[in-house]
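Below, each chain spelled out in residue letters.
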Amino acid sequence: MTENYEITKKTVHKLLPRRSPYIHKGDCGRALILAGASGMAGAAVLAVRASMRSGAGLTYICTPKANYQVLQTAAPEAICVDWDRVADKLAGRGNDPWNYDVIAFGPGMGVSASARRMLKAILLSYDGPLVIDADGLNLLAREPELTGFAQNYSGELILTPHVGEAKRLLEDVNLDQTTSREEMAEALVRKFRGIAILKGAGTLVARYSSALKTGAVTAWRNTSGNPGMATGGAGDVLTGVIAALTAQGLSPWDAARAGVLIHGAAGDLAADDKGEYGLIASDIVEELPYAIDEIINMDVTGDEDEERKS
Ligand SMILES: NC(=O)C1=CN([C@@H]2O[C@H](COP(=O)(O)OP(=O)(O)OC[C@H]3O[C@@H](n4cnc5c(N)ncnc54)[C@H](OP(=O)(O)O)[C@@H]3O)[C@@H](O)[C@H]2O)[C@@H](O)CC1
Ligand SMILES: Nc1ncnc2c1ncn2[C@@H]1O[C@H](COP(=O)(O)OP(=O)(O)O)[C@@H](O)[C@H]1O
């Protein structure tokens, strides 16, 4: 049975940490994003810029060398790392001094043999919070071996499918036209045993209610966002937001709920400015700082606690 709650700005106001005056970039976390196969450098740019605009202290991007020039022009604050270095780090070799607080895999990665090898190495060797989006989800859907590794992942898994990706991930589960989004989110949690973010209008964030990962599933419905966000790359932005919040010390569950609300709130600010037709994913990135600022500084004195929906 699924319990339902709503994610509001007030929920997120309570979750976001306030910064100490003495904080430094190392305290704000290191997010590693793997994104952007050939022709998809844009997906990497969007995820990386979203991570930086959501407060990650350092954002690293692992992407083909052919993308470096684009990345270092569009996101000069990000650090490009090559896969060999990351692989050595995961294997406990090499001289990479950075400890990544979170890894996000997938935007524009493609489903090539090398993308598959990378995801396999991460699932088998990393044990921190792992966000899997886009082509990472497509790889899980088409490779039973990777699904098995994901089901047994030793860290916390955050999957971020839209309905199309969710259907691919749940091909072995009986879905039909009457299957609700709640049922789909619940099926994802039961299959992968992690956090499932089922995107779309009223994004659902779901996980098992108890740490034992049995019994009831809890689902929280996002209250922000608008149809203007139905535009290519908007999901890549969400991946960067969630990675940044996790890197900054929110638990994956809190980062998932806060991330979808902030992402939608930034989309709402972008729609206020540009309308829903001409809104593009980069506009959402640009509004992230304002959305976060508004939520941190909102006045919640005297508000009733209205999170529980049913
Ligand atoms: N600038 C860049 O580099 C960008 C790179 N990007 C990257 O490209 C990669 C592949 O992205 P993609 O859009 O080709 O694949 P995907 O989203 O699976 O759609 C395929 C089919 O799935 C369906 N479908 C989609 N959404 C659905 C929904 N909500 N609900 C239900 N069904 C839905 C729909 O099928 P239809 O309904 O049309 O039959 C659609 O035709 C990915 O890695 C991404 O990160 C993009 O982010 C753009 C910017
Ligand atoms: N009608 C809508 N209302 C609210 N949010 C939406 C709507 N359509 C799309 N979104 C949001 O925009 C994002 C789209 O992500 P996704 O489908 O993965 O796009 P892409 O793969 O192009 O990056 C998701 O976060 C989704 O929740």
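In this text the structure is predicted, and so the values were computed from the model without any measurement.

This brings us to the site of ligand 2. Lining the immediate surroundings of ligand 2 are 16 residues, of which Lys 199, Gly 200, Thr 203, Gly 233 and Gly 235 lie closest. Thr 203 is positioned such that a nitrogen or oxygen atom in its side chain is 3.1 Å from an oxygen atom of ligand 2. In isolation ligand 2 exposes 570 Å². Once the protein is present, 79% of that is buried. Element by element, the count of residues in the shell around ligand 2 is highest for helix α10 (residues 234-247), at three residues.

Right, let's talk about the site of ligand 1 for a bit. Around ligand 1 lies a shell of 16 residues, among which Gly 108, Asp 135, His 162, Arg 168 and Asp 236 are the nearest. Between ligand 1 and Ala 43, the relevant distance is 3.0 Å, taken from an oxygen atom to a main-chain nitrogen or oxygen of the residue. Within the side chain of His 162, a nitrogen or oxygen atom sits 2.7 Å from an oxygen atom of ligand 1. Contact with the protein chains covers 47% of the free accessible surface of ligand 1, which is 910 Å². For the shell around ligand 1, the secondary structure elements donating two or more residues are α2 (41-53), α6 (134-142) and α8 (163-169).

Attention now moves to the pairing of strand β10 (residues 217-222). Among the six residues in β10, five count as buried, and that is most of the element. Direction of pairing for strand β9 (residues 204-208) relative to β10: antiparallel, over a ladder of five bridges. Across the sheet, Ala 206 pairs through a bridge with Ala 219, a residue of β10.

Following the criterion strictly, the structure yields three aromatic pairs and no others. Ring geometry for Tyr 5 and Trp 220: centres 4.7 Å apart, planes at 15°, overall stacked. With Tyr 5 in strand β1 (residues 2-7) and Trp 220 in strand β10, the pair connects residues that are 215 residues apart, well separated along the chain. Given a relative accessible area of 16%, Tyr 5 falls into the buried group. Classification of Trp 220 as buried rests on a relative accessible area of 9%. With a centroid separation of 5.2 Å and 80° between ring planes, the pair formed by Tyr 60 and Tyr 100 is classed as edge-to-face. Here Tyr 100 lies in the loop between α4 (83-90) and β5 (102-105) and Tyr 60 lies in strand β3 (residues 58-62), a separation of 40 residues in the sequence. Here the aromatic residues Tyr 60, Trp 98 and Tyr 100 are joined through ring pairs into a cluster of three or more. Of note, Arg 257 hangs over the ring of Trp 220, and the distance from its end group to the ring centre comes to 4.5 Å.

Turning our eyes to something else, we now look at the UniProt feature "binding site: (6S)-NADPHX" (unreviewed entry) in the protein. Under the local residue numbering, the UniProt record ascribes the feature "binding site: (6S)-NADPHX" (unreviewed entry) to Ala 43, Gly 108, His 162 and Asp 236. As for its placement among the helices and strands, Ala 43 is situated in helix α2. On the basis of relative accessible area, Ala 43 is assigned to the buried category, the value being 8%. Sequence-distant contacts of Ala 43, that is, excluding residues within four places in its chain, are made with Pro 107, Gly 108 and Asp 236. What makes Asp 236 buried here is its relative accessible area of 14%.

Thresholds applied
Residues numbered from 1 in each chain as written. Chains lettered and ligands numbered in written order. Predicted model: local features only at pLDDT ≥ 70, side-chain atom pairs only at ≥ 80, totals over all residues. Heavy atoms only, no water. Near = heavy atom within 4 Å. Polar contact = N/O pair within 3.5 Å; in protein donor to acceptor, adjacent residues only side chain to side chain. Areas by Shrake-Rupley, 256 points an atom, 1.4 Å probe, with all protein chains shown as cover. Helix = DSSP H or I, 4+ residues; strand = E, 2+ residues; numbered from the N terminus. Buried < 20%, exposed > 50% of the residue type's maximum accessible area, 1.4 Å probe, protein only. Pairing = 2+ DSSP bridges. Phe/Tyr/Trp six-rings, centres within 6.5 Å; stacked < 30°, edge-to-face > 60°. Lys NZ or Arg CZ within 6 Å of the ring centre and 35° of its normal. UniProt positions renumbered as here; feature names shortened; annotations may be inferred. Contact = heavy atoms within 4.5 Å.

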